[in-house]
Amino acid sequence: MFTYKSTLEIEKMRKAGLFVWHALQIAKGMIRPGVTTAEVDAQVERFYMDQGVVPLFKGVPGVVPFPAVTCISVNEEIVHGIPGSRTLTEGDIVGVDTGCKLLDPGSKVRGWCGDSAVTFSVGTISKDAQKLLDVTQQALQIAIDEIPRAKVWSEVARKMEKYVKGNGFSVVESLVGHGIGRQMHEAPQVPNYVSQEFIRSEDFKIKPGLVIAVEPMVNMGTNQIRVLGDHWTIVSKDLKFSAHFEHTLAVTSSGIRVLTGPPESEEERMDLTPYLPV
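Residues numbered from 1 in each chain as written. Predicted model: local features only at pLDDT ≥ 70, side-chain atom pairs only at ≥ 80, totals over all residues. Heavy atoms only, no water.

**Things to note about the overall build of the chain**
Of regular secondary structure, the chain possesses six helices and 15 strands. If you line up the chain on its principal axes, its C-alpha atoms span 45 × 45 × 40 Å. Classification of the 278 residues of the chain by burial places 52% in the buried group. Considering only contacts within the chain whose residues lie at least 6 apart along the sequence, 70% involve residues at least 24 apart. (Helix = DSSP H or I, 4+ residues; strand = E, 2+ residues; numbered from the N terminus. Buried < 20%, exposed > 50% of the residue type's maximum accessible area, 1.4 Å probe, protein only. Contact = heavy atoms within 4.5 Å.)

Here it is, written out as structure tokens:
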């Protein structure tokens, strides 16, 4: 089971989402040939430290704890790429995924989360790679557009899947989106495809208070995956390019709200003005 969020709780998550949005703007400004993925991660980590927010990814437990505040996944890497000495080159595509928790006043652990991802192009990329980015981003936009019209999630996921496959790409099924709130990963599971098993036992209602991280992951070839020896990086099995876009979305009485989107008002922009890139 999962909990629907109150209007006040969604406002708190929006504040976290703004910091995540800005962190991705920092990454966007750095993405170019010759930059290492570790350099991008270091700038995002510095930003989080300066703002006093808690990065969600660093230290996530596994065979080895995740060592960075961003997942940076290049080309055939779908998600969970570990930043390091890899240098970006012309023609690469690079997914940057990050999240943070804005702590409650006086608390060292309790707070509200935001999570988002963008896949960027490095210099000039191939037409096929650009189509992959466009289709994946549009799959996320379909979710944003369709959620207010849908009664249950499977209605949205079916349209996302149909669009991706109609453009000749595959939907990763081994990885899905998720609920989000005080923790980065909460119920429900949020797939980007539809199965009878999901409809039968896991489908969920869309109504005000629902907050989910929707994150289509789309492969140029097979949707099969494998995990590299670092125990984190997940790649497409045929090593063809993969793209990933994600937003934290809230359903409100007045419609959908993109909590990890850009400033919506002058007040929100003023809050971020000292940190916006020149």
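**Looking at the environment of alanine 213**
Of note, alanine 213 is situated in strand E9 (residues 211-214). Remark: the alpha-carbon pair of alanine 213 and glutamine 43, spanning 170 residues in sequence, is separated by 24 Å. Ignoring sequence-local partners within four residues, the contact set of alanine 213 consists of Gly177, His178, Ile180, Val190, Glu246, His247 and Thr248.

**Section: the packing of aromatic side chains**
For the structure on display, the rule yields four aromatic pairs. Considering the side-chain rings of phenylalanine 19 and phenylalanine 47, the 6.1 Å spacing of their centres and the 45° angle between planes classify their relative orientation as tilted. Pair noted here: phenylalanine 19 is in helix H1 (residues 7-30) and phenylalanine 47 is in helix H2 (residues 37-51), with a separation of 28 residues, a long-range link. Relative to tryptophan 232, the ring of phenylalanine 66 lies with its centre 5.2 Å away and its plane at 80°, an arrangement referred to as edge-to-face. Here the residue phenylalanine 66 occupies a position in the loop between strand E1 (54-55) and strand E2 (70-74), and tryptophan 232 occupies one in the loop between strand E11 (225-227) and strand E12 (234-236), the gap between them amounting to 166 residues. Of the aromatic side chains, those joined through ring pairs into one cluster are Phe19, Phe47 and Tyr48. Across the ring face of tyrosine 4, the terminal group of lysine 207 is positioned such that the distance to the ring centre comes to 4.6 Å. (Phe/Tyr/Trp six-rings, centres within 6.5 Å; stacked < 30°, edge-to-face > 60°. Lys NZ or Arg CZ within 6 Å of the ring centre and 35° of its normal.)

**Overview of the sheet that holds E9**
In space, the five strands of this open sheet follow the order E8-E7-E9-E14-E15, with antiparallel pairing throughout. Two strands lie at the open edges of the sheet, namely strand E8 (186-190) and strand E15 (255-258), each paired on one side alone. Taking the axes of each pair of neighbouring strands and ignoring which way they run, one obtains an average angle of 25° across the sheet. Two elements, E9 and strand E14 (residues 247-252), share four bridges in a ladder whose sense is antiparallel. By the bridge assignment, valine 211 is partnered in E14 with alanine 250. Against the sheet, helix H3 (residues 127-146) engages E9, E14 and E15, with an angle of about 10° to E14. (Pairing = 2+ DSSP bridges. Axes fitted to C-alpha atoms, helices over the stretch in contact; angles between N-to-C directions.)

**So, the sheet that holds E12**
Read from one edge to the other, the open sheet built from three strands follows the order E3-E12-E11, with strand pairing classed as antiparallel. Both edges of this open sheet fall to strand E3 (77-79) and E11, since each of them pairs with a single strand only. Adjacent strand axes in the sheet meet at a mean angle of 40° when their direction is disregarded.

**Concerning H3**
Between the first and last C-alpha of H3 there are 28 Å, a value that for 20 residues agrees with the 28 Å anticipated at 1.5 Å per step. Every buried residue of H3 is accounted for by Ala129, Leu132, Leu133, Val135, Thr136, Ala139, Leu140, Ile142, Ala143, Ile144 and Glu146. (Expected span 1.5 Å × (residues − 1).)

**So, the confidence of the model for the chain**
Model confidence for the chain is summarised by a mean pLDDT of 96, while 97% of its residues fall at 70 or above. Averaged over each element, pLDDT in the chain is lowest for helix H6 (residues 266-272) (75) and highest for strand E13 (residues 242-244) (99). (pLDDT = per-residue confidence, 0-100.)

**Quick look at the nonpolar core**
Formed by 23 residues in total, the largest nonpolar core has its most connected members in Ile31, Val40, Tyr48, Val94 and Val96. Of the residues forming this core, the biggest block, seven residues, is contributed by H1. When near neighbours in sequence (up to four residues on either side) are disregarded, valine 96 contacts Leu24, Ala27, Thr70, Cys71, Ile72, Ser116, Ala117, Val118 and Phe120. Residues Ala143, Val156, Val214 and Val251 belong to the second largest nonpolar core, which totals 21 residues. (Core = buried A, V, L, I, M, F, W, Y, C linked by side-chain atoms within 4.5 Å.)

**Concerning H2**
The end-to-end C-alpha distance of H2 is 22 Å, a good match for the 21 Å that 15 residues give at a rise of 1.5 Å each. Listed in full, the buried residues belonging to H2 are Thr37, Val40, Asp41, Val44, Phe47, Tyr48 and Gln51. Taken around the axis of H2, the buried residues stretch over an arc of 120°, which confines them to a single face. Across H2 from its buried face, at more than 90 degrees, point the exposed residues Met49 and Asp50. For H2, the secondary structure elements touched by its buried residues are H1, E1, E2 and strand E4 (93-103). Following H2 by one or two positions, glycine 52 has its phi on the positive side, about 75°. (Arc of directions from axis to C-beta.)

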